[in-house]
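# Structural overview
These are the residues of each chain, in order.
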Amino acid sequence: MTVLVVGGGITGLTTAYTLARSGIPTTLVEVSDRLGGKIRTESVDGFLVESGPDSFISYRPAALELARELGLGDAIIAPTNPRTVWIRARGRFVQMPEGMGLVLPTRLGPFISTDMFSPLEKLRISLDLIQPRDGRGGDVSVGAFLRRRLGGALVDRLAGPLLGGVYGTPIDELSLDAVVPQLREAERLHRSLLLASLASGRAVRVRGSGSPFVSLAGGMGQLTGALVGAITRSGGVEVRMKSKVVSLERHGGGFDVRLANGDLLRPEAVVLASPGPATAGLLETIAPAAASCVRAIAHGSTAVVSLAYRLDQFTTPPVGHGFLVAAGEPLVIDGCTISSLKWAGRAPDGSVLLRVFVGSHSPGALAGSDAEIVALVEHDLAQMAGVHGAPILARVARSIDQMPKYTVGHLERVAGANEALAGLPNLAIAGAAFRGVGVPDCIAQGRAAAARVSEALQGVGVR
Ligand SMILES: Cc1cc2nc3c(=O)[nH]c(=O)nc-3n(C[C@H](O)[C@H](O)[C@H](O)COP(=O)(O)OP(=O)(O)OC[C@H]3O[C@@H](n4cnc5c(N)ncnc54)[C@H](O)[C@@H]3O)c2cc1C
């Protein structure tokens, strides 16, 4: 073995795959009994249940490119139509205006006619058109930035649920520079965020792009499965499952890596693709300054509750791809994807598969048993969506203290960690805690980590 990769999630798998393709002998160590990390797809009684991600964005190309490279081009699927999404705010469902970008409208008509905002609130939003730029630099929260330009209603009812759902962090804590730097750039270039968003919408329509999200016919597990297949076929990667890396020390130009079972591994380079808290622990002895930067990246918790029902258990048949819940609603649910309507082939005919998120609005709920969490979600669904009777399938998947929070100052913490590791080019850190939580960003980081240690190995003439 030349390189040791810690963690068999999408980041570590991509790293190992990339190293194997370069012919570098690699060992991948994974603490659990399965590969894929947060990506987990299960087929149960005709339902395709995703416990982690269910899709990825296509405009950051790393995931799409990797899927094609692995021969999955034909399996890439787009969401079905219509792509209606609802927002639950002030006790009722309101349809999200069509043509919403990440947080701003890309089409004027649907935004003018939406009843999500009162005329006065729309007036406040439109003040963005005449507001001057704010030339101040330095990271701020996405919430503070948007509130200044567009007012509180848009933040609380639209941008907050949209971004908070993806990042598991309240919008007033979320880092503008780390999460949506394009908003600051839009202000710099166009002054008005609305004008910038409408212009980008026109450009997208000219290009004829559809939804920015895609998935795989067999679920996201198809991607990790294909990676594992390619790694196995390469013959260049030893995979050690149920093996926990517990310490990392320098040994000559390389490393001493201790596993929980007492085994000692002596790689020439190491890639830490474990979640932030585990990575911080492993850096403690070898690079304490990097460890403290990584430890300063907070991690939160979430649970995905997958519930299946017969269609006749709904008072009115569900419509659209799902809903997001604004902060302050008396509900446990943060949001819900109607997987069987959003993607083809996720549930047998006559049934509905829901994927419900819990943890941001009611973190206390995550302390309950699976049955208690399911009961809370059932109660919410009965109240607001008229769903009655017990689900025909229920699964709870928790990620406790594993969800990185990109709060204000995130990029400085990441830069601090990387600076502290500058003298150790044969040690790389990668994964959701650092430069993007989405699957494409994790893949890009896995590739970059492989490139960094390959270069370092070449530099010392090892290869
Ligand atoms: C519920 C949920 C929904 C999501 N939805 C989306 C989505 O729709 N689209 C999207 O793009 N992204 C989504 N994400 C984010 C994305 O799935 C993750 O950011 C990404 O999968 C993380 O990959 P990773 O390899 O960095 O980390 P992980 O998947 O966490 O993998 C890290 C691995 O390291 C192992 N490990 C930890 N410590 C050790 C140790 N000491 N020794 C050995 N192994 C160790 C762990 O067991 C794990 O397998 C979602 C995430 C969650 C949780």
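Rules and cut-offs
- Residues numbered from 1 in each chain as written.
- Predicted model: local features only at pLDDT ≥ 70, side-chain atom pairs only at ≥ 80, totals over all residues.
- Heavy atoms only, no water.
- Pairing = 2+ DSSP bridges.
- Helix = DSSP H or I, 4+ residues; strand = E, 2+ residues; numbered from the N terminus.
- Axes fitted to C-alpha atoms, helices over the stretch in contact; angles between N-to-C directions.
- Contact = heavy atoms within 4.5 Å.
- Patch = residues over 30% accessible without salt bridge, like charges linked within 9 Å, V, L, I, M, F, W, Y side chains within 5 Å.
- Areas by Shrake-Rupley, 256 points an atom, 1.4 Å probe, with all protein chains shown as cover.
- Salt bridge = Lys/Arg side-chain N within 4 Å of Asp/Glu carboxyl O.
- 1 Å grid on protein atoms, 1.4 Å probe; cavity = no way out; pocket = protein on both sides within 12 Å on 5 of 7 lines; lining within 4 Å.
- Points joined across faces, edges and corners; volume = space filled by probe spheres on them.
- Nonpolar A, V, L, I, M, F, W, Y, C, P; charged D, E, K, R; others polar.
- Near = heavy atom within 4 Å.
- Polar contact = N/O pair within 3.5 Å; in protein donor to acceptor, adjacent residues only side chain to side chain.
- Domains from an automatic or database assignment.
- Buried < 20%, exposed > 50% of the residue type's maximum accessible area, 1.4 Å probe, protein only.
- Expected span 1.5 Å × (residues − 1).
- Right-handed = clockwise from strand over helix to strand, strands pointing away.
- Left-handed = near helix turned anticlockwise from the far one by under 90°.
- Buried area = accessible area lost by both parts, 1.4 Å probe.
- Phe/Tyr/Trp six-rings, centres within 6.5 Å; stacked < 30°, edge-to-face > 60°.
- Lys NZ or Arg CZ within 6 Å of the ring centre and 35° of its normal.

### A word on the sheet that holds strand E14 (residues 269–272)
Taken in spatial order, the five strands of this open sheet run E10-E2-E1-E14-E20, and their pairing is parallel. The open sheet has two edge strands with one neighbour each: strand E10 (237–240) and strand E20 (427–429). Looking at each pair of strands side by side, their axes are set apart by 15° on average, direction ignored. As paired strands, strand E1 (residues 3–6) and E14 are joined by four bridges and run parallel to one another. The partner of Val3 across the bridge, within E14, is Ala269. Seen against the sheet, helix H1 (residues 10–21) touches E1, strand E2 (26–29), E10 and E14 and runs at an angle of roughly 160° to E1.

### Describing the sheet that holds strand E5 (residues 56–57)
If you trace the three strands from one edge of the open sheet to the other, you get E5-E9-E6, paired in antiparallel fashion. Edge positions in the open sheet fall to E5 and strand E6 (76–77), since each of these has one partner strand only. Pairing of E5 with strand E9 (residues 213–216), which is carried by two bridges, proceeds in the antiparallel orientation. For Ile57, the partnering residue across the bridge sits in E9 and is Phe213.

### Here's the deal with a nonpolar patch on the surface
Taken together, the side chains of Leu127, Leu129, Ile130 and Leu195 present a nonpolar region at the surface, about 350 Å² in accessible area. By the secondary structure assignment, Leu129 is in the loop between helix H4 (119–126) and helix H5 (142–150).

### Remarks on the layout of surface pockets
The volume enclosed by the second largest pocket comes to roughly 350 Å³. For the lining of the second largest pocket, the secondary-structure elements that each account for two or more residues are strand E16 (322–325), strand E17 (333–338) and helix H14 (370–385). At three residues, the largest contribution of residues to the lining of the second largest pocket is made by H14. Within the lining of the second largest pocket, the residues separate by chemical class into 14 nonpolar, four polar and no charged.

### Points about the site of the ligand
As a structural note, the neighbourhood of the ligand is formed by 33 residues, with Glu30, Lys38, Ser55, Val437 and Val439 the closest of them. Thr11 is positioned such that a nitrogen or oxygen atom in its side chain is 2.8 Å from an oxygen atom of the ligand. In the model, a nitrogen atom of the ligand is placed 3.2 Å from a nitrogen or oxygen of the Val31 main chain. Taken together, the elements giving at least two residues each to the shell around the ligand come down to H1, strand E19 (393–404) and helix H16 (439–459). Tallied by class, residues from the shell around the ligand come to 16 nonpolar, 13 polar and four charged. Each of two domains, domain 1 (3–37 + 62–70 + 220–297 + 407–459) and domain 3 (299–404), supplies a minimum of three residues to the shell around the ligand.

### Here we look at unusual backbone geometry
In this chain, Asn81 is followed by Pro82 through a cis amide linkage whose omega measures -5°. Residues other than glycine seldom take positive phi values, yet Asp45 does so here, at roughly 50°. Take Asp45: it is sitting in the loop between strand E3 (41–44) and strand E4 (47–50). With relative accessibility at 65%, the residue Asp45 sits in the exposed group. The phi dihedral of Lys242 falls on the positive side, at around 50°, and the residue is not glycine. Along the chain, Lys242 turns up in the loop between E10 and strand E11 (245–251).

### Some remarks on H1
The end-to-end C-alpha distance of H1 is 16 Å, a good match for the 16 Å that 12 residues give at a rise of 1.5 Å each. Gly23 occupies a position one or two residues after H1 and carries a positive phi of about 75°.

### Things to note about the pairing of E2
Neither face of E2 is left uncovered, since the one carrying Thr26 and Leu28 and the one carrying Thr27 and Val29 both have all their residues buried. The pairing of E1 with E2 spans four bridges and is classified as parallel. In the strand pairing of E2, Leu4 is matched with Thr27. One crossover worth recording links E1 to the parallel E2 by way of H1, and it is right-handed.

### Quick word on the packing of H1 against helix H10 (residues 221–234)
Viewed as axis vectors pointing N to C, H1 and H10 meet at an angle of 30°, and their least axial separation amounts to 10 Å. The handedness of the crossing between H1 and H10 comes out as left-handed. Between H1 and H10, the contacting residues are Ile10, Leu13, Thr14, Ala16, Tyr17 and Ala20 on the first element and Leu223, Thr224, Leu227, Val228, Ala230, Ile231 and Ser234 on the second. When the residues that make up the contact of H1 with H10 are grouped by side-chain class, the tally is 10 nonpolar, three polar and no charged.

### Things to note about the domain arrangement of the chain
Here the chain is described as being made up of domain 1 (3–37 + 62–70 + 220–297 + 407–459), domain 2 (96–207) and domain 3 (299–404). Between the C-alpha centres of domain 1 and domain 3 the distance comes to 33 Å. With seven residues of domain 1 at the interface, the matching set in domain 3 holds four residues. The largest contributions to the domain 1 side of the interface with domain 3 come from Pro275, Pro277 and Ile297, which together make up 65% of the buried area. Linking domain 1 with domain 3 are zero salt bridges.

### Examining the packing of aromatic side chains
This structure, assessed with the given rule, holds four aromatic pairs. Their ring planes at 65° and their centres at 5.1 Å tell us that Phe93 and Phe323 sit as a pair that is edge-to-face. Remark: Phe323 occurs in strand E16 and Phe93 occurs in strand E8 (residues 92–95); sequence separation between them is 230 residues. The exposure class assigned to Phe93 is partly exposed, which follows from its relative accessible area of 27%. Ring centres of Tyr167 and Tyr406 lie 6.1 Å apart, and the angle between their planes is 45°; on these two criteria the pair is classed as tilted. One end of the pair, Tyr167, is in helix H6 (residues 152–167); the other, Tyr406, is in the loop between E19 and helix H15 (410–420), and 239 residues separate them in sequence. What makes Tyr406 buried here is its relative accessible area of 2%. Above the ring of Phe93, the side-chain terminus of Arg88 is found at 4.7 Å from the ring centroid. One Lys or Arg, Lys342, reaches over the ring of Phe213 and ends 5.7 Å from the middle of that ring.

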